[in-house]
Amino acid sequence: MTQDKSKGNIVVIVAPSGSGKSTLIKRLRQEIPSLKESVSHTTRPIRPGEVDGVNYFYIAKDEFEQKVESDDFLEWAKVHGNYYGTSKQFVDNEIANGHSILFDLDVQGSDSFRNYFGEKAKIIFIQPPSIEELEKRLMARDTESLEVIQIRLENARREITRKDDYDYCVVNNDLETAYQDLLSVVLTILGGEA
Ligand code: ADP
Ligand code: 5GP
(Lines give C-alpha, C1' and ligand atoms only; values in the text may rest on other atoms or scores of the structure.)
(Ligands and ions follow the chains in the order given, each with its own letter.)
Protein backbone atom coordinates (compact mmCIF):
# COMPACT_ATOMS: atom_id res chain seq x y z
CA MET A 1 0.00 0.00 0.00
CA THR A 2 1.14 3.54 -0.62
CA GLN A 3 -1.09 5.67 1.59
CA ASP A 4 0.17 7.90 4.38
CA LYS A 5 0.25 5.53 7.33
CA SER A 6 0.69 8.37 9.84
CA LYS A 7 -2.92 9.57 9.69
CA GLY A 8 -5.89 8.21 11.65
CA ASN A 9 -5.82 5.50 14.29
CA ILE A 10 -5.95 1.76 13.77
CA VAL A 11 -7.95 0.04 16.51
CA VAL A 12 -8.01 -3.76 16.29
CA ILE A 13 -10.28 -5.92 18.42
CA VAL A 14 -9.37 -9.58 18.67
CA ALA A 15 -11.23 -12.16 20.69
CA PRO A 16 -12.30 -15.78 20.71
CA SER A 17 -15.69 -16.39 19.14
CA GLY A 18 -18.51 -15.87 21.65
CA SER A 19 -16.55 -13.63 24.00
CA GLY A 20 -18.90 -10.72 23.32
CA LYS A 21 -16.92 -8.77 20.76
CA SER A 22 -19.84 -7.99 18.41
CA THR A 23 -22.06 -6.92 21.34
CA LEU A 24 -19.36 -4.57 22.64
CA ILE A 25 -18.45 -3.19 19.20
CA LYS A 26 -22.09 -2.41 18.37
CA ARG A 27 -22.40 -0.25 21.46
CA LEU A 28 -19.02 1.36 20.92
CA ARG A 29 -19.96 2.41 17.41
CA GLN A 30 -23.16 4.02 18.64
CA GLU A 31 -21.19 5.99 21.22
CA ILE A 32 -18.32 6.95 18.87
CA PRO A 33 -19.85 7.33 15.38
CA SER A 34 -16.62 8.90 14.01
CA LEU A 35 -14.90 5.54 14.40
CA LYS A 36 -15.43 3.76 11.08
CA GLU A 37 -15.72 0.00 11.09
CA SER A 38 -14.09 -2.06 8.38
CA VAL A 39 -16.59 -4.47 6.80
CA SER A 40 -14.78 -7.69 5.93
CA HIS A 41 -15.56 -10.18 3.19
CA THR A 42 -16.39 -13.70 4.29
CA THR A 43 -17.41 -17.05 2.87
CA ARG A 44 -19.28 -18.05 6.03
CA PRO A 45 -23.07 -18.29 5.80
CA ILE A 46 -25.06 -15.24 6.84
CA ARG A 47 -26.70 -15.53 10.29
CA PRO A 48 -30.28 -14.51 11.02
CA GLY A 49 -30.29 -10.80 11.83
CA GLU A 50 -27.11 -10.06 9.90
CA VAL A 51 -27.18 -7.77 6.87
CA ASP A 52 -25.03 -8.13 3.74
CA GLY A 53 -22.74 -5.10 3.43
CA VAL A 54 -23.23 -4.18 7.09
CA ASN A 55 -21.87 -7.11 9.11
CA TYR A 56 -19.87 -8.59 6.25
CA PHE A 57 -19.89 -8.85 2.48
CA TYR A 58 -20.96 -12.48 2.08
CA ILE A 59 -19.34 -14.01 -0.99
CA ALA A 60 -18.77 -17.46 -2.48
CA LYS A 61 -15.44 -19.24 -2.12
CA ASP A 62 -14.48 -18.82 -5.80
CA GLU A 63 -15.19 -15.08 -5.64
CA PHE A 64 -13.07 -14.86 -2.50
CA GLU A 65 -10.23 -16.70 -4.26
CA GLN A 66 -10.47 -14.29 -7.20
CA LYS A 67 -10.10 -11.36 -4.80
CA VAL A 68 -7.04 -13.00 -3.26
CA GLU A 69 -5.61 -13.40 -6.80
CA SER A 70 -6.34 -9.73 -7.57
CA ASP A 71 -4.59 -8.69 -4.34
CA ASP A 72 -7.78 -7.00 -3.05
CA PHE A 73 -7.12 -7.89 0.59
CA LEU A 74 -4.80 -6.21 3.03
CA GLU A 75 -4.89 -9.50 4.92
CA TRP A 76 -7.00 -12.61 4.77
CA ALA A 77 -7.23 -15.79 6.82
CA LYS A 78 -9.05 -19.07 7.14
CA VAL A 79 -10.88 -18.94 10.47
CA HIS A 80 -13.03 -21.76 11.89
CA GLY A 81 -13.15 -23.29 8.37
CA ASN A 82 -14.26 -20.17 6.47
CA TYR A 83 -12.37 -17.36 4.74
CA TYR A 84 -12.33 -13.77 6.00
CA GLY A 85 -10.53 -10.81 4.42
CA THR A 86 -10.01 -7.08 4.98
CA SER A 87 -10.56 -4.86 1.93
CA LYS A 88 -7.43 -2.99 0.96
CA GLN A 89 -9.40 -0.31 -0.90
CA PHE A 90 -11.56 0.55 2.13
CA VAL A 91 -8.54 0.83 4.40
CA ASP A 92 -6.57 2.88 1.84
CA ASN A 93 -9.43 5.35 1.39
CA GLU A 94 -10.22 5.79 5.06
CA ILE A 95 -6.62 6.16 6.16
CA ALA A 96 -5.81 8.55 3.31
CA ASN A 97 -8.71 10.69 4.59
CA GLY A 98 -7.27 10.62 8.11
CA HIS A 99 -10.13 8.56 9.57
CA SER A 100 -9.71 6.18 12.48
CA ILE A 101 -10.84 2.63 11.77
CA LEU A 102 -12.01 -0.21 13.96
CA PHE A 103 -11.16 -3.77 12.87
CA ASP A 104 -12.60 -7.01 14.20
CA LEU A 105 -9.98 -9.66 13.37
CA ASP A 106 -8.84 -13.09 14.42
CA VAL A 107 -5.33 -13.61 15.84
CA GLN A 108 -3.84 -14.20 12.36
CA GLY A 109 -5.30 -10.92 11.09
CA SER A 110 -4.04 -9.03 14.13
CA ASP A 111 -0.55 -10.47 13.57
CA SER A 112 -0.67 -9.27 9.93
CA PHE A 113 -1.74 -5.82 11.11
CA ARG A 114 1.09 -5.70 13.64
CA ASN A 115 3.58 -6.56 10.88
CA TYR A 116 2.14 -4.04 8.47
CA PHE A 117 1.25 -1.08 10.71
CA GLY A 118 3.72 -1.73 13.55
CA GLU A 119 2.93 0.06 16.81
CA LYS A 120 0.37 2.24 15.02
CA ALA A 121 -2.05 -0.69 15.23
CA LYS A 122 -3.44 -0.74 18.77
CA ILE A 123 -4.68 -4.23 19.51
CA ILE A 124 -7.25 -4.98 22.21
CA PHE A 125 -7.92 -8.57 23.29
CA ILE A 126 -11.39 -9.32 24.66
CA GLN A 127 -11.00 -12.18 27.11
CA PRO A 128 -13.93 -14.41 28.09
CA PRO A 129 -14.16 -15.26 31.82
CA SER A 130 -13.60 -18.98 31.06
CA ILE A 131 -14.02 -21.61 28.33
CA GLU A 132 -17.08 -22.92 30.18
CA GLU A 133 -18.74 -19.50 30.06
CA LEU A 134 -17.77 -19.16 26.39
CA GLU A 135 -19.46 -22.46 25.62
CA LYS A 136 -22.61 -21.31 27.45
CA ARG A 137 -22.68 -18.07 25.45
CA LEU A 138 -22.19 -19.81 22.11
CA MET A 139 -24.90 -22.34 22.96
CA ALA A 140 -27.27 -19.57 24.08
CA ARG A 141 -26.58 -17.51 20.95
CA ASP A 142 -27.64 -20.55 18.96
CA THR A 143 -26.28 -19.33 15.62
CA GLU A 144 -23.92 -22.23 14.87
CA SER A 145 -24.22 -26.01 14.83
CA LEU A 146 -22.79 -28.02 17.73
CA GLU A 147 -19.95 -29.12 15.46
CA VAL A 148 -19.03 -25.52 14.58
CA ILE A 149 -19.30 -24.52 18.27
CA GLN A 150 -16.79 -27.27 19.13
CA ILE A 151 -14.35 -25.96 16.48
CA ARG A 152 -14.74 -22.43 17.85
CA LEU A 153 -14.10 -23.63 21.41
CA GLU A 154 -10.98 -25.56 20.38
CA ASN A 155 -9.68 -22.44 18.63
CA ALA A 156 -10.57 -20.33 21.70
CA ARG A 157 -8.32 -22.46 23.93
CA ARG A 158 -5.40 -21.64 21.63
CA GLU A 159 -6.34 -17.97 21.15
CA ILE A 160 -6.55 -17.34 24.91
CA THR A 161 -2.87 -18.30 25.26
CA ARG A 162 -2.13 -15.15 23.21
CA LYS A 163 -3.96 -12.75 25.58
CA ASP A 164 -0.77 -11.10 26.90
CA ASP A 165 0.66 -10.42 23.42
CA TYR A 166 -1.49 -7.35 22.78
CA ASP A 167 -1.59 -3.71 23.85
CA TYR A 168 -4.69 -4.06 26.03
CA CYS A 169 -6.81 -6.84 27.49
CA VAL A 170 -10.46 -6.40 28.54
CA VAL A 171 -12.18 -9.24 30.42
CA ASN A 172 -15.84 -9.57 29.45
CA ASN A 173 -17.36 -11.05 32.60
CA ASP A 174 -19.94 -8.42 33.56
CA LEU A 175 -21.01 -6.77 30.29
CA GLU A 176 -21.38 -3.22 31.64
CA THR A 177 -17.96 -3.29 33.32
CA ALA A 178 -16.36 -4.71 30.18
CA TYR A 179 -17.99 -2.03 28.04
CA GLN A 180 -16.75 0.80 30.29
CA ASP A 181 -13.23 -0.72 30.27
CA LEU A 182 -13.26 -1.01 26.48
CA LEU A 183 -14.61 2.52 26.04
CA SER A 184 -11.87 3.90 28.25
CA VAL A 185 -9.17 2.04 26.27
CA VAL A 186 -10.55 3.19 22.91
CA LEU A 187 -10.84 6.83 24.08
CA THR A 188 -7.21 6.64 25.22
CA ILE A 189 -6.15 5.35 21.78
CA LEU A 190 -8.16 8.03 19.96
CA GLY A 191 -6.83 10.81 22.20
CA GLY A 192 -8.83 13.99 21.74
CA GLU A 193 -10.29 12.79 18.45
CA ALA A 194 -13.55 11.15 19.63
P1 ADP B 1 -18.65 -12.59 19.47
O2 ADP B 1 -18.97 -11.46 18.54
O3 ADP B 1 -17.38 -12.36 20.23
O4 ADP B 1 -18.69 -13.94 18.80
P5 ADP B 1 -21.27 -11.99 20.70
O6 ADP B 1 -21.19 -10.52 20.92
O7 ADP B 1 -22.12 -12.51 19.62
O8 ADP B 1 -19.79 -12.63 20.61
O9 ADP B 1 -21.70 -12.65 22.11
C10 ADP B 1 -21.94 -14.04 22.23
C11 ADP B 1 -23.22 -14.24 23.07
O12 ADP B 1 -22.94 -13.91 24.43
C13 ADP B 1 -24.37 -13.34 22.62
O14 ADP B 1 -25.57 -14.05 22.71
C15 ADP B 1 -24.31 -12.17 23.63
O16 ADP B 1 -25.59 -11.60 23.84
C17 ADP B 1 -23.79 -12.85 24.90
N18 ADP B 1 -22.95 -12.01 25.78
C19 ADP B 1 -22.05 -11.08 25.41
N20 ADP B 1 -21.44 -10.53 26.49
C21 ADP B 1 -21.97 -11.15 27.58
C22 ADP B 1 -21.74 -11.03 29.00
N23 ADP B 1 -20.87 -10.18 29.53
N24 ADP B 1 -22.46 -11.84 29.81
C25 ADP B 1 -23.34 -12.73 29.29
N26 ADP B 1 -23.61 -12.89 27.97
C27 ADP B 1 -22.92 -12.10 27.11
P1 5GP C 1 -17.65 -14.65 13.00
O2 5GP C 1 -17.86 -15.76 12.02
O3 5GP C 1 -18.00 -15.08 14.40
O4 5GP C 1 -18.30 -13.35 12.60
O5 5GP C 1 -16.08 -14.33 13.01
C6 5GP C 1 -15.16 -15.36 13.19
C7 5GP C 1 -13.77 -14.78 13.38
O8 5GP C 1 -13.30 -14.17 12.17
C9 5GP C 1 -13.68 -13.70 14.46
O10 5GP C 1 -12.53 -14.00 15.27
C11 5GP C 1 -13.46 -12.43 13.69
O12 5GP C 1 -12.71 -11.49 14.42
C13 5GP C 1 -12.65 -12.94 12.51
N14 5GP C 1 -12.68 -12.03 11.37
C15 5GP C 1 -13.71 -11.28 10.88
N16 5GP C 1 -13.34 -10.58 9.82
C17 5GP C 1 -12.02 -10.86 9.61
C18 5GP C 1 -11.06 -10.42 8.65
O19 5GP C 1 -11.32 -9.64 7.74
N20 5GP C 1 -9.81 -10.96 8.76
C21 5GP C 1 -9.47 -11.84 9.74
N22 5GP C 1 -8.20 -12.28 9.77
N23 5GP C 1 -10.35 -12.27 10.66
C24 5GP C 1 -11.60 -11.79 10.60
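Report on the accompanying structure.

1. Looking at the site of ligand 1
For step 1, the next point in the chain: Taken together, 13 residues sit near ligand 1, with Gly 18, Ser 22, Thr 23, Arg 141 and Asn 172 positioned nearest.
For step 2, the next point in the chain: The contact in question runs from an oxygen atom of ligand 1 to an N or O atom on the backbone of Lys 21, over 2.9 Å.
For step 3, the next point in the chain: Contact distances for ligand 1 include 3.3 Å between a nitrogen atom and a side-chain N or O atom of Arg 137.
For step 4, the next point in the chain: Relative to its unbound accessible surface of 560 Å², ligand 1 loses 75% to contact with the protein.
For step 5, the next point in the chain: At the level of elements, helix H1 (21-31) and helix H5 (131-141) are the ones that each hand at least two residues to the shell around ligand 1.
For step 6, the next point in the chain: Ranked by the residues each element gives to the shell around ligand 1, the list is headed by H1, at three residues.

2. Some remarks on the pattern of salt bridges
For step 1, the next point in the chain: Following the criterion strictly, the structure yields 16 salt bridges and no others.
For step 2, the next point in the chain: Ionic pairing is found between Asp 71 and Lys 88, a salt bridge with its closest N-O pair at 3.1 Å. With Asp 71 in the loop between helix H2 (61-69) and strand E5 (73-79) and Lys 88 in helix H3 (residues 88-96), this pair connects stretches of sequence that are 17 residues apart.
For step 3, the next point in the chain: By relative accessible area, Lys 88 is classed as buried at 18%.
For step 4, the next point in the chain: A salt bridge links Asp 165 to Arg 162, with the shortest nitrogen-to-oxygen separation between them at 2.4 Å.
For step 5, the next point in the chain: Salt bridges sharing common partners tie together Arg 44, Arg 47, Glu 50, Arg 141, Glu 144 and Arg 152.

Definitions and cut-offs
Residues numbered from 1 in each chain as written. Chains lettered and ligands numbered in written order. Predicted model: local features only at pLDDT ≥ 70, side-chain atom pairs only at ≥ 80, totals over all residues. Heavy atoms only, no water. Near = heavy atom within 4 Å. Polar contact = N/O pair within 3.5 Å; in protein donor to acceptor, adjacent residues only side chain to side chain. Areas by Shrake-Rupley, 256 points an atom, 1.4 Å probe, with all protein chains shown as cover. Helix = DSSP H or I, 4+ residues; strand = E, 2+ residues; numbered from the N terminus. Salt bridge = Lys/Arg side-chain N within 4 Å of Asp/Glu carboxyl O. Buried < 20%, exposed > 50% of the residue type's maximum accessible area, 1.4 Å probe, protein only.

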